[in-house]
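Architecture and fold: a report
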Amino acid sequence: ARQEEEKKEGLIEFYDSFKDMFEFFCKNTTIHGTIRLVCSDSNKMKTAFWTLLLLASFGMLYWQFALMFSQYWAYPVVLTMSMHSEPKMFPAITICNLDPYRFELVSEHLVQLDQMAEESIAFLYGINTSASLFHMNEKNIQVKDTSSIGNLSRSSFKLSQNFSLLRISDHSIRAVKTHSKVGFRLCNATGGNCFYKTYSSGMDAILEWYRFHYMNIMSQLPVIINISHHEEQIEDMVYSCQYDGEPCRPSDYIHFHHPVFGSCYTFNSKGTDAFWTATKPGIPYGLSLILRAEQKDHIPLLSTVAGVKVMIHNHNQTPFLEHEGFDIRPGIATTIGIQQDEVNRLGGNYGKCTTNGNDVNVKLLYNNSYTLQLPLSYVLLCFQHIMVRKCGCGYYYYPLPPSAEYCNYNKHPAWGHCFYQLYNRLRNHHLNCFDQCPKPCRESLYKVSAGTAKWPSVKSQDWIRQALRHQNGYNSTSNRKDIAKVTIFYQQLNYQSVNESPLLSDNLLLSSMGSQWSLWFGSSVLSVVEMFELLIDTLVLSLLFCYQRFRSKKTLKVAHTPAVPT
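Residues numbered from 1 in each chain as written. Predicted model: local features only at pLDDT ≥ 70, side-chain atom pairs only at ≥ 80, totals over all residues. Heavy atoms only, no water.

Tyr 210, Tyr 214, Met 387 and Trp 415 are the most contacted members of the largest nonpolar core, which has 62 residues in total. Breaking this core down by element, the ones donating at least two residues are helix H5 (107-125), strand S7 (179-186), helix H6 (202-218), helix H7 (370-391) and helix H8 (415-427). Of the residues forming this core, the biggest block, 9 residues, is contributed by H6. Contact partners of Met 387, with chain neighbours within four places excluded, come to Gly 392, Cys 393, Gly 394, Tyr 395, Cys 407, Trp 415, Phe 419 and Leu 422. By size, the runner-up hydrophobic cluster in this structure holds 29 residues, among which are Tyr 243, Leu 291, Ile 338 and Tyr 446. (Core = buried A, V, L, I, M, F, W, Y, C linked by side-chain atoms within 4.5 Å. Buried < 20%, exposed > 50% of the residue type's maximum accessible area, 1.4 Å probe, protein only. Helix = DSSP H or I, 4+ residues; strand = E, 2+ residues; numbered from the N terminus. Contact = heavy atoms within 4.5 Å.)

Now for the side chain of Thr 94. Relative to the helices and strands, Thr 94 resides in strand S3 (residues 92-96). At 2.9 Å, the side chain of Thr 94 and the side chain of Thr 266 are in polar contact. Side chain to side chain, Thr 94 and His 313 meet in a polar contact 2.7 Å long. (Polar contact = N/O pair within 3.5 Å; in protein donor to acceptor, adjacent residues only side chain to side chain.)

Within this structure, the stated rule accounts for 6 disulfides. A sulfur-sulfur separation of 1.9 Å characterises the disulfide bridge that pairs Cys 241 with Cys 248. Between Cys 241 and Cys 248, the S-S dihedral sits near -65°, and the bridge is therefore left-handed. For the pair shown, Cys 241 and Cys 248 are each scored as buried. (Disulfide = S-S within 2.5 Å.)

We now examine the packing of H5 against H6. A pair of packed helices can be characterised by two numbers: the angle between their axes and the separation between those axes. Their axes nearest at 11 Å, the elements H5 and H6 cross at an angle of 160°. The angle between H5 and H6 places the two elements in the roughly antiparallel class. Relative to H6, the crossing made by H5 is right-handed. In this structure, H5 uses His 109, Leu 110, Leu 113, Asp 114, Met 116, Ala 117, Ser 120, Ile 121 and Tyr 125 to contact H6, whose residues at the interface are Gly 202, Met 203, Ile 206, Trp 209, Tyr 210, His 213, Tyr 214 and Ile 217. (Axes fitted to C-alpha atoms, helices over the stretch in contact; angles between N-to-C directions. Parallel < 35°, antiparallel > 145°, perpendicular 65-115°, else oblique. Left-handed = near helix turned anticlockwise from the far one by under 90°.)

Let us now look at helix H11 (residues 506-521). With 16 residues, H11 extends 22 Å from end C-alpha to end C-alpha; this agrees with the ideal 22 Å at 1.5 Å per step. Three or more residues of H11 are buried, namely Leu 509, Ser 512, Gln 516, Trp 517 and Phe 521. For H11, the angular spread of buried residues about the axis comes to 135°, placing them on one side. Exposed residues on H11 whose side chains face more than 90 degrees from its buried face are Asn 507 and Leu 519. (Expected span 1.5 Å × (residues − 1). Arc of directions from axis to C-beta.)

With that settled, consider the sheet that holds S3. Backbone hydrogen bonds are what pair the strands of a sheet, in a parallel or an antiparallel way. Strand order in this open sheet of 5 strands is S11-S12-S3-S15-S16, and the pairing throughout is antiparallel. What marks the edges here is a single partner per strand, and that holds for strand S11 (253-258) and strand S16 (326-328). Each strand axis lies, on average, 25° off the axis of its neighbour in the sheet, ignoring direction. Here S3 pairs with strand S15 (residues 308-313) via 5 bridges, running antiparallel. Pairing of Thr 94 across the sheet is with Met 311, part of S15. (Pairing = 2+ DSSP bridges.)

So, about the UniProt feature "transmembrane region" (unreviewed entry) in the protein. As annotated in UniProt, the feature "transmembrane region" (unreviewed entry) corresponds to residues 52-75 in the numbering used here. What you have in residues 52-75 is 92% helix and 0% strand, and the ends, taken at the C-alpha atoms, are 35 Å apart. (UniProt positions renumbered as here; feature names shortened; annotations may be inferred.)

Let us now look at unusual backbone geometry. Following Trp 455, the chain continues into Pro 456 via a peptide bond in cis, with omega recorded as -10°. Its place among the elements puts Pro 456 in the loop between strand S20 (442-454) and helix H10 (461-472). The backbone of Asn 268 sits at a positive phi, close to 55°, despite the residue not being glycine. With relative accessibility at 4%, the residue Asn 268 sits in the buried group.

Let us look at H6. For H6, built from 17 residues, the straight-helix expectation of 24 Å at 1.5 Å per residue is met to within 8% by its first-to-last C-alpha distance of 24 Å. Counting buried positions along H6 gives 14 out of 17 residues, so the element sits mostly inside the fold.

What follows deals with the pattern of salt bridges. The final tally for this structure, using the stated rule, is 6 salt bridges. Among the salt bridges present, the one from Arg 249 reaches Asp 252, with a minimum N-O distance of 2.8 Å. Accessibility expressed as a relative area gives 4% for Asp 252, which makes it buried. Among the ionic pairs, Glu 443 bridges to Arg 345, the shortest N-O distance being 3.1 Å. With Glu 443 in strand S20 and Arg 345 in the loop between strand S17 (332-344) and strand S18 (353-354), the pair connects residues that are 98 residues apart, well separated along the chain. The class of Glu 443 is buried, set by a relative accessible area of 13%. (Salt bridge = Lys/Arg side-chain N within 4 Å of Asp/Glu carboxyl O.)

Turning to the pairing of strand S9 (residues 238-243), a few remarks are in order. Examined bridge by bridge, S9 and strand S14 (residues 287-292) share 5 bridges and lie antiparallel to one another. Following the sheet pairing, Gln 242 is matched in S14 by Ser 288. In terms of strand pairing, S9 meets strand S10 (residues 246-247) through 2 bridges, oriented antiparallel. Looking at the pairing, Tyr 243 lines up with Glu 246 of S10. The loop that links S9 with its antiparallel partner S10 comprises 2 residues; one of these, Asp 244, has a positive phi angle of about 55°.

Glancing now at the environment of Val 77. Summarising the element assignment, Val 77 is placed in strand S1 (residues 77-85). Judged by its relative accessible area of 31%, Val 77 is partly exposed. In the structure, Val 77 is positioned 424 residues away from Ser 501 in sequence and 5.5 Å away in space, judged by C-alpha atoms. Apart from residues no more than four positions distant in its own chain, Val 77 is found in contact with Leu 346, Tyr 350, Glu 500, Ser 501 and Leu 503.

Following this line, the structure appears as structure tokens:
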């Protein structure tokens, strides 16, 4: 009795055996079913049944845990859609007149190219076209700041005669009749590994052949040219500009030149002016433009489209007009309704997206953030980096990396062979540019719908011409074929927001684990603590038994040691 009393009064309780410890746990734990292992110890069958039942419950529990953790580590997402209605900023609008400048530095080469095109068309189709028609009323605009371009002269570049247009017969086995294709021949630097860049349509072949030579000519000039000192003003292209019923201001647009699409203006490029905040939907509250759409200064083999190029895009985004935008027909009033959607991606483990582009391997070539350049722009910049590395020069329509130069077949005779092969690999997704360029984590998408009507009408065209003549010096009599009207507006200020959220968050994972634990054992978190306590007690008791066994062996060894006589 004294020993039992001393044992109860001890500060730390130790069990005499593992059996005592297990019986204490089964009788006092909050886990259901464990007490049956002790109460039915006299019935071996019941003890075996409850032991198997508890083990099966443990197995099912941890099987469910494994399923939940495998789903959690797959990082699935669920899309939630919500509608919002509030005033928002009007998007950036870029317009181009499809009339590129003929700079004096390259004007003679363009004349020679048109003569070559005339000869090629006559050779292919027997059509006699006058190259002089290509240069009627042309504007030779001289670049004033030639120091930024370099010491170049007209004689430093010569058009190559090695890329003539040819008609190639198609003798494929599947063809019932012999068909012909039109194209030009491209070879590598040693003159081998040649192939024909062919098209089934002769028109497409002529346009591509002309653009190929045009890029070599224009490579003498930078893509972004300082044209702020030129005499052309926005009134030469935009006869009227109103937003929300108010006239546009000079600070509302920026002017730049594109080598193919000509003189371009971007309205609301920054998106920071409160003047461009849309507070009401509808046509009267949008951007209304009356545009010059003359064709007399066009380069006919560079662009076969008559009208104006329009692109709706995000603010501070560099417009890639070769791949986006749409054309406005002359003599037509076009109304374009905008519907904006927002997409918010989680990123990280839940998907491949980037916030600012710092984690993308492609180096920025514009002074814009990744979110504003969009993945398409990044794919093209990735292609430009690969082309500079593989071909030794850059594609003229895309910006250049540092210390690189644009392709020119006087300096790089085989760049066309290299470019077309790389571009085919890009189109077939054999380059890793699409993998390197994730989507932005936050993105605004614009859905557009358009309607058209003849403008001005037959009865109103006379007074509209008179009004434009007195206000803007308009002097055309081409019967509606040289002006166009476009109105861009928000259809409604309601916008749809699509947000990604984790399908199985940390809180939901813990809640699911608790539900499974309660289902199979009817217990709580404290029951888990009791199991940890049982493990700790088992470990401590094992260490104590090992220590006692070691002490008993050492004592026995000392007792059997013989005495040494003095």
